[in-house]
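Results of the structural survey
Here is how the chains run, residue by residue.
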Amino acid sequence: MNDFLFADFLADHATYAALQAYWQARLAFLDGHCGPYLRTAFANGQPFYDGNPIVNLADRDAGKAARIVQQCPHEFGHDYTSFEQAIELADGDGHIPAREKIIVLTLTLATAQRAEDELRAWFAPA
């Protein structure tokens, strides 16, 4: 059964843009709370279009960051994993220590919900 969403996102820039809009709407509960922390384009402004990351959010006050790396379902099939690591976030002229949650997935309704649930819990106030 082909239940993948935006399956051709790596081959089509319009699909990639629609995918980014999908994630932005799905994670709107984090608006005003988190902001991006990773570059997703080359110096000339051309987006990477590689799905790594498709989403990146940081709450510098809480010292937490998260990114979703979306993989091609044609190459990886059904896939979902998540893990945490220590990183440093740029903060003005310096860096602050932080924890980063990384979610790697191929997108289905089920993996989107799982990622959303993990990010809700990750960014919830302690």
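Preceding this paragraph is the structure being described.
A brief structural summary. (Residues numbered from 1 in each chain as written. Predicted model: local features only at pLDDT ≥ 70, side-chain atom pairs only at ≥ 80, totals over all residues. Heavy atoms only, no water.)

1. Section: the pairing of strand E1 (residues 55-59)
Filter applied, for reference: Think of it in three bands: with a 1.4 Å probe and only protein chains considered, a residue is buried below 20% of the maximum accessible area for its type, exposed above 50%, and partly exposed in between. Helix numbering and strand numbering both begin at the N terminus, where a helix is a DSSP run of H or I of at least 4 residues and a strand a DSSP run of E of at least 2. Strand pairing is assigned whenever DSSP detects at least two bridges linking the two strands.
Of all the five residues making up E1, five are buried; the element is thus mostly covered by neighbouring parts of the structure. Across the two faces of E1 the burial is the same, with Val55, Leu57 and Asp59 and Asn56 and Ala58 all buried. Pairing of E1 with strand E2 (residues 64-70) involves five bridges; the strand directions are antiparallel. Note on E2: the bridge partner recorded for Ala58 is Ala65. The turn joining E1 and E2, which pair antiparallel and follow one another in sequence, is formed by four residues; a positive phi near 70° is taken by Gly63.

2. Some words on the pattern of salt bridges
Basically, it comes down to this: Salt bridge criterion: a side-chain nitrogen from Lys or Arg within 4 Å of a carboxyl oxygen from Asp or Glu.
Summed over all chains, the structure comprises six salt bridges. A salt bridge links Lys101 to Glu84; the shortest N-O distance between them is 3.8 Å. Here Glu84 lies in strand E3 (residues 80-91) and Lys101 lies in strand E4 (residues 94-105), a separation of 17 residues in the sequence. In this structure, Arg120 and Glu116 form a salt bridge, with 3.1 Å as the shortest nitrogen-oxygen distance. Here Glu116 and Arg120 lie together in helix H3 (residues 109-123), a separation of four residues that amounts to about one turn. One connected set of salt bridges, linked through shared partners, spans Glu84, Arg99, Lys101 and Glu118.

3. As for the nonpolar core
Stated formally: Only buried Ala, Val, Leu, Ile, Met, Phe, Trp, Tyr and Cys residues count toward a nonpolar core, and they belong to the same one when joined by side-chain atoms within 4.5 Å. In what follows, a contact means two residues having at least one pair of non-hydrogen atoms within 4.5 Å.
Core analysis: the biggest nonpolar cluster contains 22 residues, and Trp23, Ile68, Leu105 and Phe123 have the highest contact counts within it. Among the secondary structure elements, those contributing two or more residues to this core are helix H1 (13-26), E1, E2, E4 and H3. Ranked by residue count, the leading element in this core is H3, at five residues. Residues in contact with Trp23, not counting those within four places in the same chain, are Ile54, Val55, Ile68, Gln70, Leu105, Leu107, Ala112 and Ala115.

4. Considerations on the pairing of E4
Two strands pair when backbone bridges link them, and E2 and E4 are joined in this way by seven bridges, in the parallel orientation. Each residue of the ladder has a partner; that of Lys64, found in E4, is Arg99. Sheet analysis places E3 next to E4, joined by twelve bridges and oriented antiparallel. Bridge pairing in E4 places Tyr80 opposite Leu105. Linking two consecutive strands that pair antiparallel, namely E3 and E4, is a turn of two residues; a positive phi of about 65° is found at Gly92 within it.

5. Some remarks on the packing of aromatic side chains
Note the threshold: Aromatic rings from Phe, Tyr and Trp, with only the six-membered ring used for Trp, were paired whenever their centres fell within 6.5 Å, and each pair was classed as stacked if the ring planes differed by under 30 degrees, edge-to-face if by over 60, and tilted otherwise.
According to the stated counting rule, one finds five aromatic pairs in the structure shown. Look at Phe6 and Tyr22: their rings are 5.4 Å apart centre to centre, the planes differ by 55°, and that puts the pair in the tilted class. Of the two residues, Phe6 sits in the segment before H1 while Tyr22 sits in helix H1, which places them 16 residues apart along the sequence. Three or more aromatic residues joined by ring pairs form one cluster here, namely Phe6, Tyr22 and Trp23.

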